[in-house]
Amino acid sequence: VIVSLVYLLKESKPNKTIPLTFILAGISSNLIERIFFGKVIDIIYLPSLPYFNLADTYILLGLILLIIKTKWFSK
């Protein structure tokens, strides 16, 4: 979390700030639940998918946005 926060604060490019914010929010949420509850609480159940929580969704969305915004895919 600390490394992500330092990287986010040093990042001057706004196109990567939003994905990193999503990732940092998801990591922080999972960490807070792990500290206070001893486990990460899964809150959404869909029959065809495994249990997941919103923090996992934020991390996944942030990673997808970060991959899209990297130089690998932009020309």
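**Q** Looking at this model, I keep getting lost on the environment of V40. Mind explaining?
**A** Looking at the secondary structure, you find V40 in the loop between α2 (14-37) and α3 (54-69). With residues near it in sequence (within four places) discarded, V40 still touches N30, E33, R34 and N53.

**Q** How should a nonpolar patch on the surface be read in this particular structure?
**A** Residues L31, I32, I35, F36, F37, I41, I43, L54 and Y58 make up a contiguous nonpolar surface patch of about 920 Å² in total accessible area. Secondary-structure elements contributing two or more residues to the nonpolar patch are α2 and α3. Here the nonpolar patch gets 5 residues from one element, more than from any other, and that element is α2. Tracing the sequence through the fold places I41 in the loop between α2 and α3.

**Q** When you look at the confidence of the model for the protein in this model, what are you seeing that I'm missing?
**A** Interpretation of the predicted coordinates at a detailed level should be avoided for regions scoring low in pLDDT. Here the protein averages 78 in pLDDT, and 76% of its residues register 70 or above. Across the protein, the secondary-structure element scoring lowest on mean pLDDT is helix α1 (residues 2-10), at 66, and the one scoring highest is α3, at 87.

Conventions and cut-offs
Residues numbered from 1 in each chain as written. Predicted model: local features only at pLDDT ≥ 70, side-chain atom pairs only at ≥ 80, totals over all residues. Heavy atoms only, no water. Helix = DSSP H or I, 4+ residues; strand = E, 2+ residues; numbered from the N terminus. Contact = heavy atoms within 4.5 Å. Patch = residues over 30% accessible without salt bridge, like charges linked within 9 Å, V, L, I, M, F, W, Y side chains within 5 Å. Areas by Shrake-Rupley, 256 points an atom, 1.4 Å probe, with all protein chains shown as cover. Salt bridge = Lys/Arg side-chain N within 4 Å of Asp/Glu carboxyl O. pLDDT = per-residue confidence, 0-100.

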